[in-house]
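The chain contents come next:
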Amino acid sequence: MKTDVEELSPTRVKLTIEVPFKELDHAFDETYKSLAKQVRIKGFRPGKAPARLIDRYVGRGAVISEAVNHAVPELYNEAIQKEEVFALGQPDVEITKLEDNEELAFTAEVDVRPKFEVTDWEGIEVTVDDAEAADEQVEEQLGNLRERFSTLVGADRPAAEGDHVSIDLSAAVDGEKLEDVQASGVSYEVGTNTMLEGLDEALTGMSEGDEATFSTKLVGGEHEGQDADVTVTVHSVKVKELPELDDEFAQLASEFDTIEELRADVRKRLGEMRRVQQLSQARDRAMEKLVDSVDIPLPDSVVDEEVDRRRQSLENQLQQGGLTKESYLESQGQTEEEFDEELKTSARSAVKAGFVLDQLAVQEELSAGQEDLTAYVVEQAQRMGVSPDQLAQHLVQSNQLQIAYTEVVRSKAMDLVLEKAKVSDESGNAVETAQGGDEAEATAEAAVDAAAEEADPGADDKADEKVEEKAEDGKSE
């Protein structure tokens, strides 16, 4: 086999491959075996018909076409390995010469990763937030704890923002009451604007036993979007009463005897959490600086594929949440054009980051062994709420082990960058990024636990979907 490689651009090449027919024997053998099982020739059992009769029965041209279809992918893969071409995506193949018993020639155009070196990656300087918790943050956490132990007490006054009311709701359209649009004993916090437009305004100033009617558009259900007159009846008005921040509260809300002990524990826990956040922040900022330091062209097709993947992922999430793209853009304060531009920018960054980490891994001869892959599967399974065996089986069946391998190696490359980086906090203190022993284990467990809280423990039936999403992410991130 003869192979020629022509660089069409820094991100696309054209391979010209020429193969003597004698090197296609394997492809023809497989073709004859396959056709012999399909054709029925008198005097021969299925699978036993000789090649010359198959040529005559289905036509020599059809046999050659089938053999070429079988041979081209193998020849292409052999060529890119031999020429060390880092191909991206599927090639555009064109048969340029096909002469029976003489020669097969074809071209294959394919996008490739640009050739470059990652330099000056050691000693990247980044600044992260201070790990020490500020007094305001400690008091905010204590305030959240007070909220958890708050009680509702009756308020002998009209309802105001922040009050909790028990209400009945009913709706009518053109004077006709909607039997399926009513609710009784609904608990609602005035001012949250989480139910019907205009409800908060109507409730403000109402007292126990009062009734009021306001106009609004119905949301959800059969009558969604219709203008309706909604009647609200107030049964009770209650105000939230928070416990005092004293020793008695500390004993009620924790294992500590005094409020100062509780406050010290909150500060300690916040510091530990912010330490984990520091490491994540350092990783992100070091990655950003590393990628910005490299100037490389990116294949448009790969970027477009990443844009499409991200758009589809968002649309799936919105659909599952019962939201529209229009409402999402409104909540983000974005136009369609701004959204598309942001999507393309983030896609280009993700593709570029993948290229940079891949190249650094090559330069530093990083690889992933069975132990690394096992650890990856176990961690991802915990995050997804599925069993490691189930995840491993899916990766094998869907031919995504290479994606997992790539993600592990990229992570190792980023770990190396972070290990060599010079990280300091806003106060100028050096931040240790190399984790080992108990600290690394604790950090990993904290991350997994946090993810587990968001995962559905009964998500076995969603495993394939979750694995597929994660695998797709691994292609570019």
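Residues numbered from 1 in each chain as written. Predicted model: local features only at pLDDT ≥ 70, side-chain atom pairs only at ≥ 80, totals over all residues. Heavy atoms only, no water.

Remarks on the overall build of the protein
Right, so step 1: Along the protein, the regular secondary structure elements total 15 helices and eleven strands.
Right, so step 2: Taking the intrachain contacts of the protein between residues at least 6 apart in sequence as the baseline, contacts between residues at least 24 apart amount to 68%.
Right, so step 3: With the model as given, the accessible surface of the protein reaches about 28,200 Å², and the carbon-plus-sulfur share is 45%. (Helix = DSSP H or I, 4+ residues; strand = E, 2+ residues; numbered from the N terminus. Contact = heavy atoms within 4.5 Å. Areas by Shrake-Rupley, 256 points an atom, 1.4 Å probe, with all protein chains shown as cover.)

Quick look at the sheet that holds strand E4 (residues 103-112)
Each strand in a sheet pairs with its neighbour through backbone hydrogen bonds, running either in the same direction (parallel) or in the opposite one (antiparallel).
Right, so step 1: Across the sheet, which stays open at both edges, the four strands sit in the order E1-E2-E4-E3 with antiparallel pairing between neighbours. Both outer strands of the open sheet, strand E1 (2-9) and strand E3 (87-99), are each paired with one neighbouring strand and no more. Shown here is a sheet whose adjacent strand axes are inclined to one another by a mean of 20°, direction ignored.
Right, so step 2: Taken together, the seven bridges between E1 and strand E2 (residues 12-20) define a ladder with antiparallel strand orientation. From the neighbouring strand, glutamate 6 faces E2, where its bridge partner is lysine 14. (Pairing = 2+ DSSP bridges. Axes fitted to C-alpha atoms, helices over the stretch in contact; angles between N-to-C directions.)

A few points about the confidence of the model for the protein
Right, so step 1: Looking at the protein, pLDDT values average 86 and 90% of them are 70 or higher.
Right, so step 2: In this model residues 436-477 is a low-confidence stretch, pLDDT under 50, and it forms 59 contacts with partners more than four residues away in sequence or in other chains. (pLDDT = per-residue confidence, 0-100.)

Focus: the pattern of salt bridges
Right, so step 1: Evaluated as defined, the whole model comprises 21 salt bridges.
Right, so step 2: For lysine 240, the salt bridge goes to glutamate 147, with nearest N and O atoms at 2.7 Å. Here lysine 240, found in strand E10 (residues 227-241), pairs with glutamate 147, found in helix H4 (residues 135-148); they are 93 residues apart in sequence, far enough to count as distant.
Right, so step 3: We classify lysine 240 as partly exposed; its relative accessible area is 30%. (Salt bridge = Lys/Arg side-chain N within 4 Å of Asp/Glu carboxyl O. Buried < 20%, exposed > 50% of the residue type's maximum accessible area, 1.4 Å probe, protein only.)

Focus on the environment of lysine 2
Right, so step 1: Following the sequence through the fold, lysine 2 ends up in strand E1.
Right, so step 2: Looking at lysine 2, the relative accessible area reads 53%, which means it is exposed.
Right, so step 3: Spatially, the C-alpha atoms of lysine 2 and glutamate 18 are 5.1 Å apart, while their sequence positions differ by 16 residues.

Some points on helix H10 (residues 336-363)
Right, so step 1: Counted at 1.5 Å a residue, the expected span for H10 with its 28 residues is 40 Å, and the 41 Å between its end C-alpha atoms agrees.
Right, so step 2: Of the residues trailing H10, glutamate 365 is marked for its positive phi of about 55°. (Expected span 1.5 Å × (residues − 1).)

Let's talk about the pairing of E10
Right, so step 1: Sheet analysis places strand E6 (residues 151-154) next to E10, joined by four bridges and oriented antiparallel. Residue threonine 151 lies in a different strand from E10, and its bridge partner there is glutamate 241.
Right, so step 2: Pairing geometry for strand E7 (residues 164-173) and E10, over nine bridges, is antiparallel. Residue pairing across strands places valine 165 opposite valine 237, the latter belonging to E10.
Right, so step 3: Examined bridge by bridge, strand E9 (residues 211-217) and E10 share seven bridges and lie antiparallel to one another. Directly across from serine 215, in E10, lies its bridge partner aspartate 229.

Remarks on unusual backbone geometry
Right, so step 1: Of note, asparagine 101 is a non-glycine position whose phi angle comes to about 65°, a positive value.
Right, so step 2: Along the chain, the position of asparagine 101 falls in the loop between E3 and E4.
Right, so step 3: When its relative accessible area of 62% is taken as the criterion, asparagine 101 is described as exposed.
Right, so step 4: Unusually for a residue other than glycine, asparagine 399 sits at a positive phi of about 55°.
Right, so step 5: By the element assignment, asparagine 399 lies in the loop between helix H12 (388-397) and helix H13 (401-420).

Describing H4
Right, so step 1: Given a rise of 1.5 Å per residue, 14 residues ought to cover 20 Å, and the 20 Å separating the end C-alpha atoms of H4 matches this to within 8%.
Right, so step 2: Of the positions making up H4, those classed as buried are Val138, Leu142 and Leu145. Within H4, the buried residues cover an arc of 55° as seen down the axis, which keeps them to one side. Opposite the packed face of H4, turned more than 90 degrees from it, sit the exposed residues Glu136 and Glu140.
Right, so step 3: The inward-facing, buried residues of H4 abut helix H6 (247-253) and helix H7 (259-292). (Arc of directions from axis to C-beta.)

A short note on the nonpolar core
Within soluble globular proteins, side chains that are nonpolar generally end up buried alongside one another.
Right, so step 1: Counting residues in each nonpolar core, the largest one holds 51 residues, and the members touching the most others are Leu290 and Val417.
Right, so step 2: Sorting the residues of this core by element identifies strand E5 (125-128), H7, helix H8 (300-320), H10, helix H11 (370-384), H12 and H13 as the ones contributing at least two each.
Right, so step 3: Here valine 417 is in contact with Trp121, Ile124, Ala286, Leu290 and Leu360, once residues within four sequence places are set aside.
Right, so step 4: Membership of the second largest hydrophobic core comes to 32 residues, among which are Leu24, Ala49, Leu53 and Ala67. (Core = buried A, V, L, I, M, F, W, Y, C linked by side-chain atoms within 4.5 Å.)

Observations concerning the packing of aromatic side chains
The description of an aromatic ring pair uses the distance of the two centres, along with the angle that the planes make with each other.
Right, so step 1: The final tally for this structure, using the stated rule, is four aromatic pairs.
Right, so step 2: Consider the rings of phenylalanine 28 and tyrosine 32, whose centres lie 6.3 Å apart with planes at 35°: the pair is tilted. With phenylalanine 28 and tyrosine 32 both in helix H1 (residues 25-38) and four residues apart, the pair spans about one turn of that helix. A single burial state applies to phenylalanine 28 and to tyrosine 32, both of which are buried.
Right, so step 3: Ring centres of phenylalanine 149 and phenylalanine 249 lie 6.0 Å apart, and the angle between their planes is 90°; on these two criteria the pair is classed as edge-to-face. Within this pair, whereas phenylalanine 149 is found in the loop between H4 and E6, its partner phenylalanine 249 is found in helix H6, the two being separated by 100 residues in sequence.
Right, so step 4: The exposure class assigned to phenylalanine 149 is partly exposed, which follows from its relative accessible area of 28%.
Right, so step 5: Judged by its relative accessible area of 2%, phenylalanine 249 is buried.
Right, so step 6: An aromatic cluster is defined as three or more aromatic residues linked by ring pairs; in this entry it consists of Phe21, Phe28 and Tyr32.
Right, so step 7: The residue whose ring lies beneath arginine 113 is phenylalanine 86, and the NZ or CZ to ring-centre distance is 4.0 Å. (Phe/Tyr/Trp six-rings, centres within 6.5 Å; stacked < 30°, edge-to-face > 60°. Lys NZ or Arg CZ within 6 Å of the ring centre and 35° of its normal.)

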